[in-house]
Amino acid sequence: MYKIIIEKYLSNILILSFVLFGFYLCYIGGYGSDEDTLPMLYVFEARLADGRFVSSRFTSYPIPEIGIGFLSYFFGSFAANSVTYLFLLVSLFFIYFTFQEKLNKDKLKLFIILSLSSPILFFENLEPMDYSWAFLFFSIGTFFFSRKIFELAVLGFGFAIGSRINFVIFVLLFIYLFNFKENIDYKKRSLIFLNSFIIGGLFYLPVWFDNSFN
């Protein structure tokens, strides 16, 4: 009897185990081992303390600098880690439904298990880093793009670029390479990419101004 129950619910048990283990690591992991995390926290603290504009790295990554800095400053590392990890989990659902119109529970469970069992994808999203935040917005953009809701797709892509500037490459490739049922002409694709690029680029105006347009 127990064997039948375990076989029937094995996928659910595996997913729950991954999720709970991830949140446990978020709790004990502090701010992780990535050397870019502390500069990101400093960006928020400097702005909060005396209004100074600083950049965590060369181009700055405004959205996660503000979001991660806020969570860390007011709620601590567990909140920042947990939100980042939660973003990964939500992103997986958006990516799945980007390519699947109807819910197939078995396929969804298999996709989540395969994703969370990847050491790189799992462990790299347990600490507060900008690419996890960018991936969430990118997945939102891909989902709405696949549903032909281009206004929301542009916002998702724009926020992804505003979270990590190199995501402009992924946005470009996705917009021009993927088709979903009805083909989208290249003029429409170009407009979507241009709008996404402009929205994402607006987040980098402060660092551009601060460096005298250099």
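Refer to the preceding data block for the structure.
Residues numbered from 1 in each chain as written. Predicted model: local features only at pLDDT ≥ 70, side-chain atom pairs only at ≥ 80, totals over all residues. Heavy atoms only, no water.

Can you lay out the overall build of the chain for me, pointing to particular residues and giving the numbers?
The helix and strand inventory of the chain stands at eleven helices and zero strands. When the backbone C-alpha atoms are referred to their principal axes, the chain occupies close to 70 × 50 × 20 Å. Among the 214 residues that make up the chain, the fraction classed as buried is 43%. A sequence separation of at least 24 residues applies to 72% of the contacts in the chain between residues at least 6 apart. Approximately 12,200 Å² of the chain is accessible, and the part contributed by carbon and sulfur atoms is 69%. (Helix = DSSP H or I, 4+ residues; strand = E, 2+ residues; numbered from the N terminus. Buried < 20%, exposed > 50% of the residue type's maximum accessible area, 1.4 Å probe, protein only. Contact = heavy atoms within 4.5 Å. Areas by Shrake-Rupley, 256 points an atom, 1.4 Å probe, with all protein chains shown as cover.)

Can you break down the pattern of salt bridges residue by residue, with the values?
A complete count under the given rule lists two salt bridges for this structure. Between arginine 52 and aspartate 50 there is a salt bridge, and its shortest N-O distance comes to 2.9 Å. A salt bridge links aspartate 130 to arginine 164, with the nearest nitrogen and oxygen atoms 2.4 Å apart. With aspartate 130 in helix α7 (residues 130–146) and arginine 164 in the loop between α8 (150–163) and α9 (167–177), this pair connects stretches of sequence that are 34 residues apart. (Salt bridge = Lys/Arg side-chain N within 4 Å of Asp/Glu carboxyl O.)

I'd like to hear about the packing of α8 against helix α10 (residues 186–202), residue by residue, with values.
For the pair α8 and α10, interaxial distance at closest approach is 7 Å and the crossing angle is 45°. In terms of axis orientation, α8 runs oblique to α10. Considering the relative orientation of α8 and α10, their crossing is right-handed. Residues Phe150, Val154, Leu155, Phe157, Gly158, Ile161 and Gly162 of α8 form the contact with α10, whose participating residues are Lys188, Ile192, Asn195, Ser196, Phe197, Ile199 and Gly200. (Axes fitted to C-alpha atoms, helices over the stretch in contact; angles between N-to-C directions. Parallel < 35°, antiparallel > 145°, perpendicular 65-115°, else oblique. Left-handed = near helix turned anticlockwise from the far one by under 90°.)

Could you give an account of the environment of asparagine 12, with specific residues and numbers?
Tracing the backbone shows asparagine 12 in helix α1 (residues 2–28). For asparagine 12, a relative accessible area of 33% corresponds to the partly exposed category. Distance from asparagine 12 to isoleucine 113, taken between C-alpha atoms, is 9.4 Å for residues 101 residues apart in sequence.

Please set out the environment of phenylalanine 53 residue by residue, giving values where relevant.
You can see phenylalanine 53 is positioned in the loop between α2 (37–50) and α3 (62–75). Phenylalanine 53 gets classed as partly exposed once you look at its relative accessible area, which sits at 30%. Phenylalanine 53 sits 69 residues away from phenylalanine 122 along the chain, and the two C-alpha atoms are 33 Å apart. Setting aside chain neighbours within four positions, we find phenylalanine 53 in contact with Arg47, Pro206, Val207 and Asp210.

Take it as geometry only, folks, not as evidence of what the structure does.
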